Amino acid sequence: MEFFVQQLVAGLTSGSIYACVALGLVMIYVSTDHINFAQGEMAMFATYIAWAMINAGLPYWVAFGATILIAFAGGLFIQRVILKPLEAAPVLSLVVCFIALLSIFNALAGMIWSYTIKQFPTPFPARDLFGSGLVSVQQIGVVGVTLLMLGLLTVFFHYTTLGLAMRAAAQNAASARMMGIRVSWMLALGWGLAAAIGAVAGMLVAPIVFLDPNMMTGILVYGFAGALVGGIGSPFGAVIGGFIVGVLENLVGSYIIGNELKLTFALVIVVGVLLVKPAGLFGRVVVRRV
Amino acid sequence: MAALLEIRGVSAWYGMIRALYDLNLTVEEGGVTALLGANGAGKTTTLRAIINMVRRNGTMVLSGDDISKCATETIVRRGVAQVPEGRGTFVGLTVEENLRLALHTRRSRAAALRDMEMVYDLFPRLRERQKQQAGTLSGGEQQMLAVGRALMLSPRLMLLDEPSFGLAPLVVREIFQVLARINTEQKVAMLIVEQNAALALELADTVYLLETGRVVASGPSDLVRNDEALRKAYLGY
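Residues numbered from 1 in each chain as written. Chains lettered and ligands numbered in written order. Predicted model: local features only at pLDDT ≥ 70, side-chain atom pairs only at ≥ 80, totals over all residues.

Q: Please clarify how the overall build of chain A should be interpreted in this entry.
A: Helix and strand content of chain A: 11 helices and zero strands. When the elements of chain A are put in sequence order from the N terminus, they spell out α-α-α-α-α-α-α-α-α-α-α. Against the 2.2 N^0.38 benchmark of 19 Å for 290 residues, chain A shows a C-alpha radius of gyration of 19 Å, consistent with a compact globule. Across its three principal axes, chain A shows a C-alpha extent of roughly 60 × 50 × 35 Å. Across the 290 residues in chain A, those meeting the buried criterion constitute 48%. (Helix = DSSP H or I, 4+ residues; strand = E, 2+ residues; numbered from the N terminus. Rg over C-alpha atoms; globule rule 2.2 N^0.38 Å. Buried ≥ 20, exposed ≤ 12 C-beta atoms within 10 Å, placed from the backbone.)

See the structure below:
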């Protein structure tokens, strides 16, 4: 029983990171219908920036906040400079562009900071909660930061006019323009937010998996699985899906297939969802007349 | 009366297909202009051309300012509100959120909230449905919401694209009564595209008849109403 609870908590912890990655993917998907394959590498790169700042002597939380802002600006910049000229481009060109971004960020990180694995500090003390041996403060911290961020995003999207305008632009771009909303800037804001969310995921996961340029590759697959389970068009679903994938991955890994096949399991989830319920748990089935 | 919107020599294209030929049209300050004609005459295209949502050239002047090069969003922010064909509802937002969207562009939040009360007073049905997802509204209610959203922008000119389309006669009546009130009480000018010519002629003071992308006749609406030959040829009644 104790082992089960430990695995469950570990699953929720990694699940919260998958939830962040999934949410970053969904943010861009709902407004553009594209999957940003570079989401993971953008997060990795932001984590390196945080690492550099902490190494330069900045306190952890200052570096944390500054990295979120830098990632936001970076996401905004990528949309404005690289993707805006491609607005009318066919989808394959965009896919190539995302893959290019992925390998550019990966190579840049390797070039600047080398491919050797680095330790990333955690702000949470390394001890158990209540000394029970079940839940560590680190795990609670990761889940807590994720939930706090989700709460802030929910408030932003539901209770601010800018958040409302972003939702409207994602739902019906033509109609949004007729309301005077600058849709193209809303997309840029979406990219900024997605990059910022990714940065948080990167900084939370780095102490666990260690920092290296390929840190996010596997995590992106889990995040993608989470987004699909929840329904790729639903931010709420993405978060739930991320947690589900995290827990399933841990339980299935420890009880049935072993740790080596965990990533395969994520891919099995992807294929399974697409075969059985392509819309996911909370996604809407889109019916088109042809 | 002064001209609020002047369209001079405007042509428009969908890809290679030309939809408008050197169109000239004027909407007076506070006036109601109707754009009539058969399917494919270019009525909707004219509205889309005004807010720059279709490839076009020529000159558009809004109260003396050239808006030909402006983006859709900018034209809308200058006071040209479109009530789009198909109603353009944000189906995933609530009725209230659909209206609140205008707060994004309004300078005065207080004035915008007053306008929201006014919309609810004009369409009590929308107040009842305030918290409901807009996608669950009936066609008539969605049309009311589209008019409401346009009003929330505090426009000088409303572009209405077939407000009666697919609605029950009683609902059409209600919507047109409200449109008449908006025009007389708030001095909002209107350019209205309608299939239902008789209905549009009641509201409009000026009429333009379009055929295959060209203006074939224009004048005060009484003139068109009383010209039997014109009516028979273009309006079918």
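Still more ground to cover, so stick around.
Q: I'm lost on the sheet that holds strand 7 (residues 157–161) of chain B in this one. Help?
A: As a general point, the strands of a sheet are linked pairwise by backbone hydrogen bonds and lie either parallel or antiparallel. All names here are of chain B. Across the sheet, which stays open at both edges, the six strands sit in the order 6-7-8-3-9-10 with mixed pairing between neighbours. Both edges of this open sheet fall to strand 6 (80–83) and strand 10 (214–220), since each of them pairs with a single strand only. Here the average twist between neighbouring strands, direction ignored, is 15°. Where strand 7 and strand 8 (residues 189–193) come together, five bridges link them in parallel fashion. Each residue of the ladder has a partner; that of Met158, found in strand 8, is Met190. (Pairing = 2+ DSSP bridges. Axes fitted to C-alpha atoms, helices over the stretch in contact; angles between N-to-C directions.)

Q: Help me out: how do you make sense of the sheet that holds strand 5 (residues 65–66) of chain B in this one?
A: All names here are of chain B. Taken in spatial order, the four strands line up as 2-1-4-5 in an open sheet, and their pairing is antiparallel. At either end of the open sheet lies a strand with only one pairing partner, and these are strand 2 (17–28) and strand 5. As paired elements, strand 4 (residues 55–62) and strand 5 share two bridges and run antiparallel to each other. From the neighbouring strand, Leu62 faces strand 5, where its bridge partner is Asp65. Along the sheet, helix 1 (residues 43–50) makes contact with strand 1 (3–14), strand 2 and strand 4, crossing strand 2 at roughly 70°. (Contact = placed C-beta atoms within 7 Å.)

Q: What is the right way to look at the interface of chain A and chain B in this model?
A: Interface size is commonly expressed as the accessible surface area that is lost when the partners come together. With 16 residues of chain A at the contact, the number on the chain B side is 20 residues. The biggest single contributor to the side of chain A that touches chain B is helix 6 (residues 161–171) of chain A, with seven residues.

Q: Looking at this model, I keep getting lost on the environment of A:Gly163. Mind explaining?
A: Along the polypeptide, A:Gly163 turns up in helix 6. Remark: the alpha-carbon pair of A:Gly163 and A:Trp185, spanning 22 residues in sequence, is separated by 12 Å.

Q: Would you mind showing me how to read unusual backbone geometry here?
A: Residues other than glycine predominantly adopt negative phi, and peptide bonds predominantly adopt the trans conformation. Residues and elements named next belong to chain B. Positive phi outside glycine occurs at Glu162, with the angle close to 45°. Looking at the secondary structure, you find Glu162 in the loop between strand 7 and helix 7 (169–186). Taking the C-beta count within 10 Å as the criterion, Glu162 has 22 such neighbours and is therefore assigned buried. Non-glycine residue Thr212 carries a positive phi angle of around 35°. Along the chain, the position of Thr212 falls in the loop between strand 9 (206–211) and strand 10. Looking at Thr212, the number of C-beta atoms within 10 Å reads 14, which means it is partly exposed.

Q: Honestly, the packing of helix 5 (residues 137–159) of chain A against helix 8 (residues 183–209) of chain A in this entry has me stumped. Any pointers?
A: Packed helices, taken two at a time, are described by their axes: the angle between them and the distance between them. Residue and element names in this part refer to chain A. The interhelical angle for the contact between helix 5 and helix 8, taken along N-to-C directions, is 175°, at an axis separation of 11 Å. As the angle between them shows, helix 5 and helix 8 are arranged roughly antiparallel. Across the interface between the two elements, Val142, Val145 and Met149 from helix 5 touch Ile197, Val200 and Leu204 from helix 8. Here the residues of the contact of helix 5 with helix 8 sort into six nonpolar, no polar and no charged. (Parallel < 35°, antiparallel > 145°, perpendicular 65-115°, else oblique. Nonpolar A, V, L, I, M, F, W, Y, C, P; charged D, E, K, R; others polar.)

Q: Looking at this structure, how should I read the packing of helix 9 (residues 215–230) of chain A against helix 10 (residues 235–257) of chain A?
A: Residue and element names in this part refer to chain A. Following both chains from N to C, one finds helix 9 and helix 10 inclined at 120°, their axes separated by 7 Å at the closest point. The angle between the axes of helix 9 and helix 10 places the two elements in the oblique class. At the point where helix 9 passes helix 10, the crossing takes the right-handed sense. Residue-level inspection shows Tyr222, Gly223, Ala225, Gly226, Ala227, Leu228, Val229 and Gly230 of helix 9 in contact with helix 10, the latter providing Gly237, Ala238, Val239, Ile240, Gly241, Gly242, Ile244, Val245 and Glu249. (Left-handed = near helix turned anticlockwise from the far one by under 90°.)

Q: Help me understand the pairing of strand 9 of chain B in this model?
A: Residues in a regular strand project their side chains so that they alternate between the two faces of the sheet. Residue and element names in this part refer to chain B. When you tally the buried positions in strand 9, you get five out of six residues, the bulk of the element. Bridging between strand 3 (residues 32–37) and strand 9 involves five bridges; their strand directions are parallel. If you follow Thr33 over to strand 9, its bridge partner there is Thr206. With six bridges joining them, strand 9 and strand 10 adopt antiparallel strand pairing. Bridge pairing in strand 10 links Thr206 to Pro220.

Q: Explain the nonpolar core to me, please; I cannot follow it from the model alone.
A: Looking at soluble globular proteins, one finds that nonpolar side chains tend to be buried together. Among the nonpolar cores identified, the biggest contains 161 residues, and A:Ala22, A:Val26, A:Ala168, A:Val200 and B:Ile192 are the most heavily contacted of them. Ranked by residues supplied to this core, first place goes to helix 8 of chain A with 18 residues. Once you skip the residues sitting within four places of it in the chain, A:Ala168 turns out to touch A:Ala176, A:Met179, A:Ile181, B:Phe90, B:Leu93 and B:Leu101. (Core = buried A, V, L, I, M, F, W, Y, C linked by C-beta atoms within 7 Å.)

Don't take any of this as a statement about function, it's just geometry.
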